[in-house]
Amino acid sequence: MAKKPKGEIVDPTEKLARVIAIGVTKGMDKEEAARRLLSVGFDAPAIGGILGVNANFANVAKGRKPKKDKG
């Protein structure tokens, strides 16, 4: 998903993809959510907007190993 200049109209399909991504990642650890969104083709700026973090967060999360559950 390419970064759009401010004020440009967002394609309805892209809006729908973002809404679904928000729902799917709700309650998920942000690093895990970023990794999953990267794996399905979202770019770092889009992930930043979806998760409410800096766009660079996705790139950092990609380089980290997933945390193991202690349970």
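Here we summarise the structure given alongside this text. Computed from a predicted structure; not experimentally measured.

Take helix H2 (residues 30-39) next. When we look at burial in H2, the residues that qualify are Glu31, Ala33, Ala34, Arg35 and Leu37. Summarising the contacts, the buried residues of H2 are in contact with helix H1 (12-25), helix H3 (44-51) and helix H4 (56-63). Residue glycine 41 follows H2 closely and has a positive phi angle near 105°.

With that out of the way, let us pick up the environment of lysine 67. Examined against the element boundaries, lysine 67 turns out to sit in the segment after H4. Residue lysine 67 is classed as exposed on the basis of its relative accessible area, which comes to 65%. In sequence terms lysine 67 and glutamate 31 are 36 residues apart; their C-alpha atoms lie 9.3 Å from each other.

To continue, consider H3. Along H3, 6 of the 8 residues are buried, which leaves the element largely enclosed by surrounding structure. What H3 keeps buried is the set Ala44, Ala46, Ile47, Gly48, Ile50 and Leu51. Against H1, H2 and H4 lie the buried residues of H3. Where H3 ends, the next residue or the one after it, glycine 52, has phi of about 70°, a positive value.

So, on to the pattern of salt bridges. With the rule as written, the count across this model stands at 5 salt bridges. Note that arginine 18 is salt-bridged to glutamate 14, the shortest N-O span being 2.8 Å. Placement of both arginine 18 and glutamate 14 in helix H1 is noted, with a separation of 4 residues, approximately one turn of the helix. Close ionic contact of arginine 35 with glutamate 31 constitutes a salt bridge, the shortest N to O distance being 3.9 Å. Separated by 4 residues within a single helix, arginine 35 and glutamate 31 lie in helix H2, roughly one turn from each other. Each member of the pair, arginine 35 together with glutamate 31, is buried.

Procedures and definitions
- For every chain, the first residue of the written sequence is number 1, and numbering continues from 1 onward in sequence order.
- Since the coordinates come from a predicted model, pLDDT governs what is reported: local features require at least 70, and pairs of side-chain atoms require 80 or more to be given and counted, while whole-chain, interface and lining totals use all residues.
- Hydrogen atoms and water are omitted, and side-chain values are computed over all heavy atoms in the structure.
- Between buried and exposed lies partly exposed: a residue is buried under 20% and exposed over 50% of the maximum accessible area for its type, with that area taken using a 1.4 Å probe on protein chains only.
- To qualify as a helix, a DSSP run of H or I must reach at least 4 residues; to qualify as a strand, a run of E must reach at least 2; elements of each kind are numbered from the N terminus.
- Residue contacts are defined here by distance: any two heavy atoms, one from each residue, within 4.5 Å place the two residues in contact.
- Here, a salt bridge means any side-chain nitrogen of Lys or Arg that lies within 4 Å of a carboxyl oxygen of Asp or Glu.

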